[in-house]
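For reference, the chains in residue letters:
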Amino acid sequence: MIRPLNHIPDSCAVAIVGAGPSGLSAAIELKRLGVNDVHVIERESAAGGIPRHCGHPPFGMREFNRIYKGPTYAKKLVAQALANNVALHLDTTVVSLGRNGLLHLSSPHGSAELLAERVILCTGVRETPRSARLVSGQRPLGIVTTGALQSMVYLYDKRPFRMPVIVGSELVSFSALLTCRHAGIKPVSMIEANDRPTAWNLSRLLPLASGTQLRLNSSIQRILGRVRVEGVEVIDRNGTVSTESCDGIIFSGRFVPESTLARLSHLDVDPDSQGPVIDNFGRCSDPAYLAAGNLLRAVETAGWCWQEGRRVASTVHRSLEGQLPDSGEYIRVIANHPIIKYVLPQRLSINEGSMHSDTHPVQHHQLQLRVSSTAKGVLSIVSGERTILMKRINTLPERRILVNLPSSTRDMVDDTIRIDFNPS
Amino acid sequence: MAVRPLVADIYDVIVVGAGVVGCAVARKLTLEGARVIILEKGLDILDGASKANSALLHTGFDAPPGSIEQRCIADGYHEFLKIRQQLNLPLIDCGALVIAWNEDEHDKLESIIDKSHANGVTNTRIVSAREVSQMEPDICTGAIAAVQVPGESIIDPWNTPFAYLLQALSNGARAERNCEVTGGEFDGIHWVIDSSCGRVTGKCVINCAGLFGDELNNRLIDEPLFNIRPRKGQFVVYDKSAAKLIRSILLPVPGERTKGVVVCRTIFGNLLVGPTAEEQQSRVDVSVDKSILNQLTKRGEQIVPALSGHSVTATYAGIRPATDSKDYHINSKTDLHYISVGGIRSTGLSAALGIANLVFDHYSKLGEPLDPLDPPDRINWPQINSISEYDKRDWQCDDNGGIVCHCELVTQREIAAAMTGPLAVRSLDGLKRRTRVTMGRCQGFYCTARLCELTAGQFDRPLCVSSDT
């Protein structure tokens, strides 16, 4: 059933696109700060985002000081938003972004426009499906991503298969494993290209406990079956090919930001992070737009996104009061080593030499970056010939790396700063 | 065991195969007054060769002059333009550039112009490198010159033949799907066709069985007439954000063997790179191959360098029903009241309406009188729901039930409409072709679960099973 929609006005102070952890936390925080005219636009029939269908812990430590399963956590966040009188518009899709905050919307009732003084984009992430991974084989039924599987199992009580293989070993891959277990689905194996699970090493135990074989140094060479999945050809590091029987495949992880709206609009998109380009205040290349949460990069926990939502709310609040510096002049941040997968914010807006102070608390006072393979060495921030900051790292891929930004641009002699890496 | 007749009626025409050619033939003969039944072995129409192609409407500028293929493409092209607005079929009138990237190719451009003129396509012309880069600023700078073919266009590869068949049905034809022809006899007056869904009697059989055309000929008239040599073509589809990089259809100068890799937009607002041309034995194996797909993305990025910053939305492969010889095989066996249409390769989508006209010429020679559906006001023209990215879509209209597939902006009303009516979809593939549901960048991450619910009980091969089964 379509729920009755709250009336969507022609204009508002702040529109938030997406009602996941970052969008909801931004809305709640804006209300707390006294910004009243806040509208959250959500294309699904229920608010809460991805945690709605992650039927396992741990969610909520940062937000509620307790540990919940995803659906309970999502309900808590939504309840908090409603208690703060946040206007939630469900079943409503933002179809395109116009200049200066003009949103084109579609709902079951038709299309509309909404002009917002500020728009916060919180559209989250999705996994990379089979097609974008260019996997060989036909297109039988039974190939899903974790997200699709979880919404089938937890939202609709459906099963797409009985004995699939899981591709990947990120955190979400283990989430897929738990979902299968919950649904009575028995994964035959978990296939990972590297020599250790991408998640944490102890996670090796989980597949074992579930009767699922963990196949490291392996990847899918071909999907077998024409109508339904009948098996996969797995190739290991030595080039040995074996056939694994299964009736489905879960392509898990390899998250990418759901940045379609930004890509199809006038906003700049960073080819490295695949999210919109933002400055240290979270502003996009059109300062009417700000962004937070996993849209910025793949992929962080719900709690991290929640925190980003809160921070962006406070910069939006300040910007509505005219307290943010212009976004006109900025310093570009450039990753200068191929091992660096992305770095954000991509721009530092400057204000009389000061990047953040008590009067200008910023969304991002740290650079966030990740590396694409195991990295041991020294990261340095370089401006011109001058090294501003050095940080020793020893990290696995897909781990968050934070580097504190200097509080002043005094040492930045150039209009760009580079992030270098010297392995040791 | 006695075979139960599917229907008691005697049809004028039994069309075997509901690919693009079968759909167009069924339409033409129906509109000419014949009582037509079309039998399709797939769960849905367009389940064989017609399910995957480049989705282009060709003028036939480069077809072999004097060939049946050239004649059918030229006729089909004009016929499409004549009827498309009455059926509400979308078209992008963007033209093509045949680009020469080296001197050898440059030398061939004059002959391409000559050939196009011989084929009646007289508005082609050679454009300079400078003009090419003005027209297509995002393509790589290595182009030497090009032939501009203004008439080449982009169309909807699935709703177009669907519209042909729907018009046939709304004017009295009948369609049976999941209905494989297993044999048949001609008694001098009537054909009695045995099929997996019963016995059908008719006065004439038209073989439009595509990849299985030679097998069907063998089964019904004891000679194959041609031999199918399946030739696979793989494609890579980029996300909608890439479509803004080009305007024209970018064609290579054809080599000795194949037409080469095309880069073009699709009617759905994506960008497509393909096809390959790979001989294979199987008539059903539409596997894609990672190394070939990588070659295609590389080729795409050579021509449009900025493609490297865009993501791949989908990959697919189709099989052309090629034969030993280059031209189409359209033959009639007058004494057997039998017409065979075979070897309709890549150009079938463009040529279908022309092929249908030619088939009707053959049919007319059988001497079976028909009472045409003239005057024109007796003909029903069903309107197709256009899902072109460049037309107004259902999500912009009132009471659409809400968007189900967020990537392709498919509404619940569109899905419900595809699952009702005389050609209600019976499979996920059919639903995809009609609505594009799950065919976007997330490939079902967001909507598969909802689709399981919306399609529950409707498909022979369900998307998911309930927890209690």
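1. What to know about the packing of helix α1 (residues 20-31) of chain B against helix α8 (residues 348-364) of chain B
Residues and elements named next belong to chain B.
And then number 1: Their axes nearest at 8 Å, the elements α1 and α8 cross at an angle of 45°. Taken together, the axes of α1 and α8 are oblique relative to one another. The handedness of the crossing between α1 and α8 is right-handed. Contacts between α1 and α8 involve V20, V21, A24, V25, R27, K28 and L29 on the former and, on the latter, G348, L349, A352, L353, I355, A356, N357, V359, F360 and Y363.
And then number 2: Looking at the contact of α1 with α8 residue by residue, the class counts come to 13 nonpolar, two polar and two charged.

2. Quick look at the packing of aromatic side chains
All names here are of chain B.
And then number 1: Following the criterion strictly, the structure yields nine aromatic pairs over all chains and no others.
And then number 2: With 5.5 Å between their ring centres and 35° between their planes, F186 and W191 make a pair best called tilted. As far as the burial class goes, F186 and W191 line up, both buried.
And then number 3: When the centroid spacing of 5.7 Å and the interplanar angle of 45° are considered together, the rings of W191 and Y338 count as tilted. Of the two residues, W191 sits in strand β12 (residues 191-195) while Y338 sits in strand β22 (residues 338-342), which places them 147 residues apart along the sequence.

3. Quick notes on the pattern of salt bridges
Where charged atoms from two side chains of opposite charge approach closely, those side chains can pair.
And then number 1: Evaluation of the coordinates by the stated rule reveals 36 salt bridges over all chains.
And then number 2: Here B:E176 ties to B:R174 by a salt bridge, and the two come within 2.8 Å at their closest N and O atoms.
And then number 3: What makes B:R174 partly exposed here is its relative accessible area of 29%.
And then number 4: Here B:K240 makes a salt bridge to B:E389, at a shortest N to O gap of 3.5 Å. A residue pair is termed long-range when its members are at least 10 positions apart, and B:K240 in the loop between β15 (228-238) and β16 (249-252) and B:E389 in the loop between α8 and β23 (403-405) qualify at 149 residues.
And then number 5: Residues joined in a network through salt bridges with shared partners are A:E300, A:K341, A:R370, A:E398 and A:R400.

4. Section: the pairing of strand β14 (residues 231-236) of chain A
Within a regular strand, the side chains alternate between the two sheet faces.
Residues and elements named next belong to chain A.
And then number 1: For strand β13 (residues 218-224) and β14, the ladder comprises six bridges, and the chain directions are antiparallel. Counterpart to S219 in the pairing with β14 is I235.
And then number 2: Counted between consecutive antiparallel strands, the loop separating β13 from β14 contains six residues, among which G225 sits at a positive phi close to 110°.
And then number 3: Pairing geometry for β14 and strand β15 (residues 241-245), over five bridges, is antiparallel. The partner of I235 across the bridge, within β15, is V241.
And then number 4: Once β14 ends, the chain turns through four residues before running back antiparallel as β15, passing G239 with a positive phi of about 90°.

5. A few points about the interface of chain A and chain B
And then number 1: On the side of chain B, 50 residues touch chain A, which itself brings 47 residues to the contact.
And then number 2: Taking both partners together, chain A and chain B bury about 4,300 Å²; carbon and sulfur atoms supply 54% of that area.
And then number 3: In terms of surface lost to chain B, no three residues of chain A exceed A:L134, A:Y156 and A:K158, which account for 15% of the buried area on that side.
And then number 4: Inspection of the chain A/chain B interface yields one salt bridge.
And then number 5: Across the pair B:D289 and A:R222 runs a salt bridge, and its minimum N-O distance is 3.2 Å.
And then number 6: Across the chain A-chain B interface, the total number found is 17 residue pairs in polar contact (both at pLDDT 80 or more).
And then number 7: Put simply, the parts of the chain that give the side of chain A that touches chain B at least two residues each are β4 (93-97), β5 (102-107), β6 (110-121), β7 (125-127), α4 (146-156), β9 (158-159) and α7 (260-263) of chain A.
And then number 8: Ranked by residue count, the leading element in the side of chain A that touches chain B is α4(A), at five residues.

About the cut-offs
Residues numbered from 1 in each chain as written. Chains lettered and ligands numbered in written order. Predicted model: local features only at pLDDT ≥ 70, side-chain atom pairs only at ≥ 80, totals over all residues. Heavy atoms only, no water. Axes fitted to C-alpha atoms, helices over the stretch in contact; angles between N-to-C directions. Helix = DSSP H or I, 4+ residues; strand = E, 2+ residues; numbered from the N terminus. Parallel < 35°, antiparallel > 145°, perpendicular 65-115°, else oblique. Left-handed = near helix turned anticlockwise from the far one by under 90°. Contact = heavy atoms within 4.5 Å. Nonpolar A, V, L, I, M, F, W, Y, C, P; charged D, E, K, R; others polar. Phe/Tyr/Trp six-rings, centres within 6.5 Å; stacked < 30°, edge-to-face > 60°. Buried < 20%, exposed > 50% of the residue type's maximum accessible area, 1.4 Å probe, protein only. Salt bridge = Lys/Arg side-chain N within 4 Å of Asp/Glu carboxyl O. Pairing = 2+ DSSP bridges. Buried area = accessible area lost by both parts, 1.4 Å probe. Polar contact = N/O pair within 3.5 Å; in protein donor to acceptor, adjacent residues only side chain to side chain.

Any link to function would need more than the numbers given here.
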